[in-house]
Number of protein chains: 2
Amino acid sequence: MKAYYAAIEAGGTKFNCAIVDAARNIIVEHRVATTTPQETLAQTVDFFKKQRAAGYDFDALGLACFGPVDLRKSSATFGYITKTPKPHWSNTPVVAILAEALDCRIEFDTDVNAAAIAESRWGAAKDTEVSNYVTVGTGVGVGIVVNGKSLKGLIHPELGHMLIPAPEGIQGQCPFHGNCVEGLASGRAMSQIWGVPAETLDDDHQAWDIQAKVLSKLCHNLLVSFSPEKIVMGGGVMAKPGLLDKVLRYTEDSLAGYLVLPDDLSLEHIICLPGLGSHSGLMGALALVLDEPV
Amino acid sequence: MKAYYAAIEAGGTKFNCAIVDAARNIIVEHRVATTTPQETLAQTVDFFKKQRAAGYDFDALGLACFGPVDLRKSSATFGYITKTPKPHWSNTPVVAILAEALDCRIEFDTDVNAAAIAESRWGAAKDTEVSNYVTVGTGVGVGIVVNGKSLKGLIHPELGHMLIPAPEGIQGQCPFHGNCVEGLASGRAMSQIWGVPAETLDDDHQAWDIQAKVLSKLCHNLLVSFSPEKIVMGGGVMAKPGLLDKVLRYTEDSLAGYLVLPDDLSLEHIICLPGLGSHSGLMGALALVLDEPV
């Protein structure tokens, strides 16, 4: 009998819910708005119960969740969204609520960690030992994969909050840190800095050049921190045509010849767009429940 | 029969050579100046041959080496010091030279990676899954340990060259990057910025406050990058009394309450001095040849 899996990419704006098979076919997909835990989780449970009734039974669910979350299995608050600025969601035991309602095994990681695993398993970072997945959207997140597993540590990385030198005349917008990557380069920060939504900025607006400079500092720091074989750059803002090329050029400038890459590799080979397009997150949720690479 | 191991902490100034037993007793120790590869390696080989003749036989040597080095076992230049600014040492096949002269197994890593492993196995980062070892001496290096192994990736981390915002009025001295951590906080940079050797600066000189601010930015970025359970801070400059406390205070300020640590942990618990004192490097070389934690 064919096996199905439940997958949720739980973001701050929407929960993307799907029934997926082991060959990564999305059988049914449904989006639930992220409002309150009560409402959003009830609608999520309802969707999956209907799928079961329709014959798409599953006994494992992968949950790729916005954070911060508690990933430590030994912790009393494992599976919680912890202290988040998002209203209503602090201290929500998402894993326990879904596990009880759907009576199934749940594998849990951050949304960006899961996407990083998916890209390293099936996408642009396939066949690497160390890779980074960057998402530049409303916020900025980076997931780290080492030998197929996400790097967690004490909590989990929060690389959007890495401090970098700000370009001259630009004031970072992070309420905690000012000039961290998220404060300078997230879609939210771009809107605040330039006064209009990022997607409405003309192709030749200086904002894109400055954006590329900021992201090149992130890439520089990722390269010297993790020595990744791939830095996969996804998220809505990275979809801007030409942005990746600018980031590459400025990263080269920033490194100033210091890093000598082996085997005549060029940065173009390392810093790239996602292989799974906009599906990194959902495929990440699937990756969490599939033990072995497919 | 008691087993002995050869250990070398190969630094840019000296090669610290020793015969060590599995209980980490240093039986004989000898320093060789780092001049040219011919001279330094010949004297190193000579020391170990004499130890063998004296009854301290060994069949494995741990080499914790200054970098950049090639750690990829599949590479044609595995075991080389690659392109280094240090005169005479670029493209030196240190592993092959020592293996041939001493006819033994050699395990090889960077000096800072090896020290990081030693601290995670026996020192201040014992019983952690993810830890960082920072050395602030003539240069700045950071080794990353994940589940007992050093993080290598494509080359190996070069975290001294992480870009950070410079304190106002301070000009970083790195010839490649200006304001990277090494350009701002290494002993060499301190001497250049203040015009006198760092160790001669008075306790109440503003240099120490600025040094602590720079290192707090490094700690901030390590915390959000690796989510380490420990950041062990060693090296000659960190031996300055009171410096660690200042770094802790400024790191707390820099994070601005963003990171909520689990189990009421405080930063004092995470950021600390080495457990192995000045022996992290040599014990690191030993750790490379001991397969199992002792």
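Refer to the structure above for everything that follows.
The rules behind the values
Residues numbered from 1 in each chain as written. Chains lettered and ligands numbered in written order. Predicted model: local features only at pLDDT ≥ 70, side-chain atom pairs only at ≥ 80, totals over all residues. Heavy atoms only, no water. Pairing = 2+ DSSP bridges. Helix = DSSP H or I, 4+ residues; strand = E, 2+ residues; numbered from the N terminus. Axes fitted to C-alpha atoms, helices over the stretch in contact; angles between N-to-C directions. Contact = heavy atoms within 4.5 Å. Patch = residues over 30% accessible without salt bridge, like charges linked within 9 Å, V, L, I, M, F, W, Y side chains within 5 Å. Areas by Shrake-Rupley, 256 points an atom, 1.4 Å probe, with all protein chains shown as cover. Salt bridge = Lys/Arg side-chain N within 4 Å of Asp/Glu carboxyl O. Lys, Arg positive; Asp, Glu negative; His and termini not counted. Charge placed at Lys NZ, Arg CZ, Asp CG, Glu CD. Buried < 20%, exposed > 50% of the residue type's maximum accessible area, 1.4 Å probe, protein only.

A.B. asks: Break down the sheet that holds strand β5 (residues 105–110) of chain B for me, with residues and values.
C.D. replies: Residues and elements named next belong to chain B. Ordered by their spatial adjacency, 5 strands build an open sheet running β3-β2-β1-β4-β5, and the pairing between neighbours is mixed. Edge positions in the open sheet fall to β3 (26–33) and β5, since each of these has one partner strand only. Averaged over all neighbouring strand pairs, the angle between strand axes comes to 15°, with direction disregarded. Against the sheet, helix α1 (residues 37–53) engages β1 (4–10), β2 (14–21), β3 and β4 (58–65), with an angle of about 20° to β2. Set on the sheet, helix α9 (residues 280–289) makes contact with β1, β2, β3, β4 and β5; between it and β4 the angle comes to about 130°.

A.B. asks: So what about a negative patch on the surface? Which residues, and what values?
C.D. replies: Residue and element names in this part refer to chain A. Where like charges cluster on the molecular surface, the negative patch consists of Asp245, Glu252, Asp253 and Glu268. Of all the elements, helix α7 (residues 243–255) adds the most residues to the negative patch, at 3 residues. With respect to the helices, strands and loops of the structure, Asp245 is situated in helix α7. Among the residues examined, Asp245 registers a relative accessible area of 51% and is labelled exposed.

A.B. asks: Go over the sheet that holds strand β10 (residues 271–272) of chain B with me, naming the residues and quoting the values.
C.D. replies: All names here are of chain B. The 5 strands lie next to each other as β8-β7-β6-β9-β10, forming an open sheet whose pairing is mixed. Whereas interior strands pair on both sides, the edge strands pair on one side only; in this sheet they are β8 (149–150) and β10. Pairing analysis gives 7 bridges linking strand β6 (residues 130–136) to strand β7 (residues 140–146), with the strands arranged antiparallel. By the bridge assignment, Val136 is partnered in β7 with Val140. Lying on the sheet, helix α3 (residues 111–122) is in contact with β6, β7, β8 and β9 (230–234); it crosses β7 at an angle near 50°.

A.B. asks: How would you explain the environment of Leu98 of chain B if you had to name every residue and give the values?
C.D. replies: All names here are of chain B. Relative to the elements of secondary structure, Leu98 occurs in helix α2 (residues 94–102). As for Leu98 and Leu63, which are separated by 35 residues in sequence, their C-alpha atoms are 9.5 Å apart. Residues within four places of Leu98 in sequence aside, it is in contact with Ile8, Leu41, Thr44, Val45, Leu63, Asp103 and Ile106.

A.B. asks: Describe the pairing of β3 of chain B, and please don't skip the residues or the numbers.
C.D. replies: Residues and elements named next belong to chain B. In the sheet, β2 pairs with β3 via 7 bridges, with the strands oriented antiparallel. Pairing of Ile19 across the sheet is with Val28, part of β3. Hairpin connection, β2 to β3: the antiparallel pair is bridged by 4 residues, and Arg24 has positive phi, about 70°.

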